[in-house]
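Coordinates in review
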Amino acid sequence: MADRKEEITEQRLTKLSRIRSRNIEPYPHRYHRTHTTHEAASLFQERESDNVEGPEVNVAGRITAHRSMGKATFLDIRDGAGKIQVYFRTNNLTDDKYQLLHDLDIGDFIGVSGKVFRTRTGEITVEVSDFVILSKSLQSLPEKWHGLTDVEKRYRQRYLDLISNEEARNIFVVRSRVIAAIRRFLNERGFIEVETPVLLPVAAGAMARPFSTHHHTLEEDLYLRIALELYLKRLIIGGLDKVYEIGRIFRNEGISIKHNPEFTMLESYEAYSDYNDVMEMVEQMVRYVAREVLSGEQVNFGQEVIDISRPWHRVNLRDELIEKCGVDFLDDKYRDLSTLKDEVVRLGLEVERNMSWGRMIDKLFSTFVEPDLIQPTFVIDYPVEISPLAKTKPDDPRLVERFECFIGGIEIANAFTELNDPVEQRKRFEEQEQLRSLFGDEEVERMDEDFLVALEHGMPPTGGLGVGIDRLVMALTNQRSIREVILFPQLRTKEK
């Protein structure tokens with residue numbers, strides 16, 4: 001026996017056949033739309049305020065509601081701008097044309113022509129003088145088209161989510177506007193946007209496990225980039241003083257509410273600046289984006305109201321760890337790997353096999369400090385061991401000039417005063433390679449010989465920045481999961 005879904009498809013195929021039997025093409029090439037639904041409603045309101053008759057319009061969209069009342073039918077149609085009610089009555093259409101309404105279903109696309117008016121109940125409506133079928137839908141929309149509740153279905157069939165959930169559509173409109181606003185901000189500051197390779201011979205520039213592939217013509221293995229950093233620095237070396245790229249990054253890591261194997265990153269580099277300059281720029285940029293996109297500088301995040309307008313907190317990583325868990329990573333006893341491991345275990349955290357000193361410090365931070373960083377906060381000055389591309393502080397070579405920025409307990413940015421000493425950079429890379437040998441699959445920075453050769457030609461003092469676009473959008477749209485702000489997040493295949 002056919003299930004309910006198959007029955008609905010069969011019914012719609014029968015309707016499709018009837019439509020075609022009338023010599024009507026249910027999938028025409030185009031439709032001349034004079035107004036979006038929003039434009040039609042706005043134009044009517046303008047004329048209504050001037051006591052002028054409603055305009056004649058051609059609007060189009062997907063049917064989302066259907067109400068028949070004998071000789072009259074009301075439909076709601078939705079396009080990318082909104083929705084509008086459309087009104088059919090036998091007085092305005094031929095019998096054949098009106099009968100065609102019986103073969104329409106929720107989910108179909110139609111185009112309608114007619115005059116806009118306001119019903120007795122006050123709803124702006126198009127009184128239809130003619131209509132055409134633009135696309136016959138063979139699958140039914142979710143029964144509660146106004147809101148899918150199956151979370152996995154929302155991610156796996158994002159088009160249904162966008163059809164059904166206005167909030168989901170709004171998130172991705174906001175995301176697009178956030179990226180556009182970032183571009184405007186950087187362009188106005190004299191940065192130029194560039195593009196760098198995605199397929200690389202060495203996956204360097206971050207501590208992450210890469211995805212690998214094979215180029216058959218070149219007969220060599222290549223890697224999807226895990227960062228934009230090292231190629232953008234080559235451009236600083238080449239004399240482009242302010243550069244940025246917004247691009248897709250790929251990391252072969254776990255999936256969580258904060259992690260997706262592919263994500264979008266902004267990286268910018270500015271010659272003759274340091275991490276203090278970059279901090280100022282990040283604060284100004286996020287304020288600019290919030291004003292441009294959200295028309296304000298306060299955003300709700302869970303139960304909190306995040307105030308972007310106030311001067312952002314600046315806290316020291318070492319001080320925060322001492323306060324929250326009692327570990328001073330500059331204390332000689334905690335410099336010892338075994339002692340630090342014992343302390344991490346005593347604090348109730350799991351230590352993975354072959355976990356390095358730097359990874360344990362990072363775990364302490366992410367557990368005891370990060371969740372409390374709700375208001376915009378810069379955490380500054382990190383151990384050199386976990387920041388191999390950053391410049392050491394002049395007064396303490398055990399620390400580097402690095403910050404991470406947090407909003408809503410989420411890391412949204414990471415930045416350095418960039419290391420521009422080629423001898424020191426080579427030494428750092430070599431130390432990372434030693435860690436790789438000691439700890440196996442430990443995610444460490446890789447040696448990039450070509451970058452070192454470029455660095456030996458001289459790079460000016462530079463401030464570098466990486467911003468996770470997905471996480472910034474999470475903070476600005478009150479979302480706890482990264483899957484809510486990526487149109488097509490990574491999921492297991494259905495077979496698995």
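For the structure itself, look to the data block above.
Definitions and limits used
- Residues numbered from 1 in each chain as written.
- Predicted model: local features only at pLDDT ≥ 70, side-chain atom pairs only at ≥ 80, totals over all residues.
- Heavy atoms only, no water.
- Pairing = 2+ DSSP bridges.
- Helix = DSSP H or I, 4+ residues; strand = E, 2+ residues; numbered from the N terminus.
- Axes fitted to C-alpha atoms, helices over the stretch in contact; angles between N-to-C directions.
- Parallel < 35°, antiparallel > 145°, perpendicular 65-115°, else oblique.
- Left-handed = near helix turned anticlockwise from the far one by under 90°.
- Contact = heavy atoms within 4.5 Å.
- Nonpolar A, V, L, I, M, F, W, Y, C, P; charged D, E, K, R; others polar.
- 1 Å grid on protein atoms, 1.4 Å probe; cavity = no way out; pocket = protein on both sides within 12 Å on 5 of 7 lines; lining within 4 Å.
- Points joined across faces, edges and corners; volume = space filled by probe spheres on them.
- Salt bridge = Lys/Arg side-chain N within 4 Å of Asp/Glu carboxyl O.
- Buried < 20%, exposed > 50% of the residue type's maximum accessible area, 1.4 Å probe, protein only.

Let us now look at the sheet that holds strand β9 (residues 220-224). Spatial ordering of the open sheet is given by β7-β9-β8, a layout of three strands whose pairing is antiparallel. Two strands close off the open sheet at either side, each with one partner strand: β7 (199-200) and β8 (212-215). One ladder, built from two bridges, connects β7 with β9; its direction is antiparallel. Bridged to Leu200 within β9 is Tyr223.

Quick look at the packing of helix α6 (residues 166-188) against helix α15 (residues 469-477) now. The N-to-C vectors of α6 and α15 enclose an angle of 120°; their axes lie 10 Å apart at closest approach. The orientation of α6 relative to α15 falls into the category oblique. The two elements α6 and α15 meet at a crossing, and its hand is right-handed. Where α6 abuts α15, its residues Ile171, Val174, Arg175, Val178, Ile179 and Ile182 lie against Ile469, Asp470, Leu472, Val473, Leu476 and Thr477. When its residues are assigned to classes, the contact of α6 with α15 shows nine nonpolar, one polar and two charged.

A volume near 600 Å³ is recorded for the second largest pocket. As for the second largest pocket, its lining consists of 21 residues, of which Ile8, Gln139, Ser140, Leu141 and Pro142 are closest to the centre. Listing elements by their share of the lining of the second largest pocket, those giving two or more residues are α1 (4-21) and α5 (158-164). Of all the elements, α1 adds the most residues to the lining of the second largest pocket, at six residues. Residue composition of the lining of the second largest pocket, by class: eight nonpolar, five polar and eight charged.

A word on empty space enclosed by the protein. Evaluation of the coordinates by the stated rule reveals two cavities of 30 Å³ or more. Its boundaries defined by the atoms lining it, the largest cavity holds a volume of some 40 Å³. Around the largest cavity sit Asp307, Arg310, Pro311, Trp312, His313, Gln375 and Pro376, which together line it. For the lining of the largest cavity, the class distribution of residues is three nonpolar, two polar and two charged. If you add up the space inside the second largest cavity, you get close to 40 Å³. Together, Leu200, Val202, Ala204, Ala227, Leu228, Glu229, Leu230, Tyr231 and Asp448 line the second largest cavity. The element that contributes the greatest number of residues to the lining of the second largest cavity is helix α7 (residues 229-237), accounting for three residues. Its residues assigned to classes, the lining of the second largest cavity comprises seven nonpolar, no polar and two charged.

All right, on to the pattern of salt bridges then. Applying the stated criterion across every chain yields a total of 44 salt bridges. Between Asp103 and Arg22 there is a salt bridge whose closest N-O contact spans 3.9 Å. You can see Asp103 sitting in the loop between α3 (95-99) and β4 (109-118) and its partner Arg22 sitting in the loop between α1 and α2 (37-49), a full 81 residues away along the chain. The exposure class assigned to Arg22 is partly exposed, which follows from its relative accessible area of 36%. Taking the shortest distance from any N to any O, the salt bridge between Asp450 and Arg234 comes out at 2.9 Å. A residue pair is termed long-range when its members are at least 10 positions apart, and Asp450 in helix α14 (residues 449-455) and Arg234 in helix α7 qualify at 216 residues. Its relative accessible area of 48% is what places Asp450 among the partly exposed residues. In this structure, a network of salt bridges that share partners links the residues Lys15, Asp105, Asp108 and Lys136.

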